[in-house]
Number of protein chains: 2
Amino acid sequence: MSVSLPGGMTVEQLEEIYQFAIDLGKKAGQKLLDGMNSRIAGRGALHTADANTSNNLAFTEKDNAVDIVTQVDEDVERFIHTAIERKYPTHKFIGEETYAKLAARDYLITPDHPTWCVDPLDGTVNYTHLFPMFCVSIAFLLEGRPVIGVINAPMLNQTFSSCIGRGAWLNETTPLPLIRNPSIPPMPANAPGKCVFSCEWGKDRRDTPEGNMHKKIDTFVNMAAERGSRGGLGGMVHGVRSLGSATLDLAYTAMGSLDIWWEGGCWEWDVAAGVAILLEAGGLMTTANPPEDPETAPIEDVRLGSRLYLAIRPAGPSATETGRQSQERAVREVWKRVKHLNYARPGA
Amino acid sequence: MSVSLPGGMTVEQLEEIYQFAIDLGKKAGQKLLDGMNSRIAGRGALHTADANTSNNLAFTEKDNAVDIVTQVDEDVERFIHTAIERKYPTHKFIGEETYAKLAARDYLITPDHPTWCVDPLDGTVNYTHLFPMFCVSIAFLLEGRPVIGVINAPMLNQTFSSCIGRGAWLNETTPLPLIRNPSIPPMPANAPGKCVFSCEWGKDRRDTPEGNMHKKIDTFVNMAAERGSRGGLGGMVHGVRSLGSATLDLAYTAMGSLDIWWEGGCWEWDVAAGVAILLEAGGLMTTANPPEDPETAPIEDVRLGSRLYLAIRPAGPSATETGRQSQERAVREVWKRVKHLNYARPGA
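Residues numbered from 1 in each chain as written. Chains lettered and ligands numbered in written order. Predicted model: local features only at pLDDT ≥ 70, side-chain atom pairs only at ≥ 80, totals over all residues. Heavy atoms only, no water.

The name that an unreviewed UniProt entry assigns to chain A is Inositol-1-monophosphatase, with the source organism given as Talaromyces islandicus. Per UniProt, the comment on chain A under Pathway (unreviewed entry) is "Polyol metabolism; myo-inositol biosynthesis; myo-inositol from D-glucose 6-phosphate: step 2/2." According to the UniProt record, the Catalytic activity (unreviewed entry) comment for chain A is "a myo-inositol phosphate + H2O = myo-inositol + phosphate". (UniProt positions renumbered as here; feature names shortened; annotations may be inferred.)

Listed below in structure tokens is the structure:
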């Protein structure tokens, strides 16, 4: 039986690609782990202190001190790219490292080709410091839409994966979101109250009121402050979490462990696999920047190249709302509390 | 051969206690995991949405919505307490849950008895949301000083442990800090630049300039902002991380994955095991609140009951400094950038 899918692909063809992607994610994750273990064993003196002129694990600095890219990063992307080229020579490939070498930062994903969108190493700063929150992220897109996602965080022994219509999974055995029996909990009645709010400080650290750092801070404080404060904006979230990996932020939102993720500044390869997993798990994803009237404006689907993301965890029905209604309520409550971020890009 | 230790204990006696503590940490961690898996399987409807009237995993709210304590928390503390009472009936026991039921919040650790200081579940909010950053924390103190520490984060498969003079370890096999070959890196030359800075938003969310939330925020922004900004205070740290577990913040600082942890408001059971592990790994720990002259004041040892903590990761020598000198330089650079926090307690 062949059901037709976007791009005229069959279920069987997609299943083969899914298994290939999971296997690729595992192998790439092992390479990240090997690189880490080499450093622990003293082979490769990558560290942020003073040893930046060493051997195969030496690093070069990109935009500023925050933006480190390691040789491992490039090696793992080449490994993934080569494997895809061999297996699927007609597919298009967009990876962070190859992309970063282009002069322009155009949005290159088009609906006309089956496309892979890959971040070989998300959470690079964590990786250089050996903090476990790093991962490889592999997405497969049909007609511009992520339909397969694989995220492997090898130091955490966690692989998140999804294929459209096949569900989202932790380590291929546990369905996401984790809490689903007897039903997936709705968003809290007073969301963002009782929610765990996930956000990142990012690399834009300019100390100006109109810069993204201060807009993010204002937003974080609105979300965290006690109820009734800040002219009614105080959201009293349960907790504020910053992991240093946009990809894992999304994976944990799909898992239901983080309730709300709000972010600007990351790129399609950071989020493509996470979008696939989150949507397949039943999450909602839209834009970080609120429309003119956050109370009534339509909640549009996320644009992958927008660099502005708001994700709400999967939610089930309550006595008074559908799951989707409780998610939309949460989106509007977040939009009321957040500042507009400025992350321009050409063509998106 | 018996070397004498604080409290007149022999190395052999301490070794036996260490193995007992590691075993206890593993069993307690398994109980946390069992509780989590029960919820995933649909037995026990603990969730922050609306299902707070359920069976054995129901929760009650403490100070406010942020402060959830689960039945698992109390059960695991009872399990640990009972095991210690049976094995070491003369030892004193201080646990978060038993302590929390007392009216006063005095500092109860005294140098006259071998004492266990235990948090059955650190990262309670994470646990209720099934976010992996939770753990059990078990410390053993002689003469008021943590000499054994065991931290087990069961969903991460990570156990951190130490015994005075025996080193600090990840999963009993990998010595901490992770990067030590050929030598432990010194703190970066321009610390807090290039450092990963770990901090928590905490539960005090009052929206007043003199409240702890705004003092924390000002500090976070000083640490994060670009160099040269904020009247010279901009620290341009590599990353800002908030995990929601003071205990794991400390464990990852001992691991060398986080460079600086600055926190006010947690309690001795949150940090006692982490202090043992951090110090045994070669880290430095002192107070969060800077002295009058941060440039020259002596850097005093941390007071366990102070609720004000600053930890610096283990550091090795450079061409121009000892490891300790680079740590002390980092302490002073942090002190210049942080605000005084207000966390009073009786008797500390």
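This is not the end of the story, as more comes after the structure.
Asks: Looking at this structure, how should I read the pairing of strand β7 (residues 158-163) of chain A?
Replies: For a regular strand, the rule is simple: side chains alternate between the two faces of the sheet. All names here are of chain A. For β7, the tally of buried residues reaches 6 of 6 residues, placing the bulk of the element in the interior. The turn linking strand β6 (residues 145-153) back onto β7 is made up of 4 residues, and N157 within it adopts a positive phi angle of 55 degrees. The pairing of β7 with strand β8 (residues 167-170) spans 4 bridges and is antiparallel. For C163, the partnering residue across the bridge sits in β8 and is G167. Counting the residues in the hairpin turn of β7 and β8 gives 3 residues, including G165, whose phi is positive at 85 degrees. (Buried < 20%, exposed > 50% of the residue type's maximum accessible area, 1.4 Å probe, protein only. Helix = DSSP H or I, 4+ residues; strand = E, 2+ residues; numbered from the N terminus. Pairing = 2+ DSSP bridges.)

Asks: I'm lost on the packing of aromatic side chains in this one. Help?
Replies: Aromatic ring pairs are described here by two measures, namely the spacing of the ring centres and the angle between the planes. For the structure on display, the rule yields 24 aromatic pairs over all chains. With a centroid separation of 5.3 Å and an interplanar angle of 85 degrees, the aromatic rings of B:F20 and B:Y88 are classed as edge-to-face. In this pair, B:F20 is assigned in helix α1 (residues 11-40) and B:Y88 in the loop between α2 (71-87) and β3 (92-95), connecting sequence segments 68 residues apart. On the basis of relative accessible area, B:Y88 is assigned to the buried category, the value being 10%. When the ring of B:F160 is compared with that of B:Y252, the centres are 5.6 Å apart and the planes differ by 85 degrees; the resulting orientation is edge-to-face. With a gap of 92 residues between them, B:F160 in strand β7 (residues 158-163) and B:Y252 in helix α6 (residues 246-255) connect regions that are remote in the sequence. The pair formed by B:F160 and B:Y252 is uniform in burial state, with each residue classed as buried. The positively charged end of A:R307 is found above the aromatic ring belonging to A:W267, 3.7 Å away from the centroid. (Phe/Tyr/Trp six-rings, centres within 6.5 Å; stacked < 30°, edge-to-face > 60°. Lys NZ or Arg CZ within 6 Å of the ring centre and 35° of its normal.)

Asks: What exactly am I supposed to notice about unusual backbone geometry here?
Replies: It is generally the case that most residues other than glycine have a negative phi and that most peptide bonds are trans. Residues and elements named next belong to chain A. With an omega of 10 degrees, the peptide bond running from A191 to P192 counts as cis. Mapped onto the fold, P192 is located in the loop between β9 (174-175) and β10 (196-198). Notably, M236 is not glycine yet its phi reads approximately 45 degrees, a positive angle. By the secondary structure assignment, M236 is in the loop between α5 (212-224) and β11 (239-241). For M236, a relative accessible area of 11% corresponds to the buried category.

Asks: Sorry if this is basic, but what is going on with helix α8 (residues 323-337) of chain B here?
Replies: One turn of an α-helix holds 3.6 residues; hence residues three or four places apart share an orientation. Its 15 residues give α8(B) an end-to-end C-alpha distance of 22 Å, which sits within 8% of 21 Å, the value for a rise of 1.5 Å per residue. On the buried face of α8(B), the contacting elements are α5 (212-224), β12 (260-264), β13 (284-286) and β14 (308-312) of chain B. (Expected span 1.5 Å × (residues − 1). Contact = heavy atoms within 4.5 Å.)

Asks: What is the right way to look at the pairing of strand β6 (residues 145-153) of chain B in this model?
Replies: Residue and element names in this part refer to chain B. For β6, a buried count of 8 out of 9 residues is recorded, marking the element as mostly surrounded by other parts of the structure. Taken together, the 7 bridges between strand β5 (residues 135-142) and β6 define a ladder with antiparallel strand orientation. From the neighbouring strand, L141 faces β6, where its bridge partner is P146. Where β5 folds back onto β6 in an antiparallel hairpin, the turn is made up of 2 residues, including E143, whose phi is positive at roughly 50 degrees. Note: β6 against β7, 6 bridges, orientation antiparallel. Bridge pairing in β7 links V150 to S161.

Asks: What is the right way to read the sheet that holds β6(A) from this model?
Replies: Each strand in a sheet pairs with its neighbour through backbone hydrogen bonds, running either in the same direction (parallel) or in the opposite one (antiparallel). All names here are of chain A. Taken together, the 7 strands give an open sheet; going across it, the order is β3-β4-β5-β6-β7-β8-β9, and neighbouring strands pair in mixed fashion. A strand with exactly one partner marks an edge of an open sheet, and here the two such strands are β3 (92-95) and β9. Across the face of the sheet, helix α7 (residues 268-281) comes into contact with β4 (115-122), β5 (135-142), β6, β7 and β8 while running at roughly 105 degrees to β6. (Axes fitted to C-alpha atoms, helices over the stretch in contact; angles between N-to-C directions.)

Asks: Teacher, can you tell me more about the relation of the copies chain A and chain B here?
Replies: Superposing the two chain copies requires a rotation about an axis and a translation along that axis. Placing chain A over chain B gives an RMSD of 0.0 Å and needs a rotation angle of 180 degrees, together with 0.0 Å of translation along the axis. Both copies of the chain, as the preceding transformation shows, are related through a two-fold rotation axis. When each C-alpha of chain A is compared by its distance to the rotation axis, A:S242 comes out closest, at 2.4 Å. A shared binding surface is used by both copies, with 100% of the interface residues of chain A retained as interface residues in chain B. (Least-squares fit on C-alpha atoms with pLDDT ≥ 70 in both.)

Asks: Any chance you could explain the environment of B:R324 here in plain terms?
Replies: All names here are of chain B. By the element assignment, R324 lies in helix α8. Expressed as a C-alpha distance, the spacing of R324 and M213, which sit 111 residues apart in the sequence, is 31 Å. Sequence-distant contacts of R324, defined by excluding residues within four places in its chain, comprise L284 and I299. Within the structure, R324 has its side chain in polar contact with the side chain of E328 (distance 2.8 Å). (Polar contact = N/O pair within 3.5 Å; in protein donor to acceptor, adjacent residues only side chain to side chain.)

Asks: What should I look at first to understand the sheet that holds strand β10 (residues 196-198) of chain B in this one?
Replies: All names here are of chain B. Strand order in this open sheet of 5 strands is β11-β10-β12-β14-β13, and the pairing throughout is mixed. Each edge of the sheet is formed by a strand with only one pairing partner; in this case those strands are β11 (239-241) and β13. The average angle at which neighbouring strand axes cross in this sheet is 15 degrees, direction not considered. Pairing of β10 with β11, which is carried by 3 bridges, proceeds in the parallel orientation. Note that in β11 the partner of V196 across the bridge is G239. Sitting on the sheet, α6 is in contact with β10, β12, β13 and β14, with an inclination near 155 degrees to β12.

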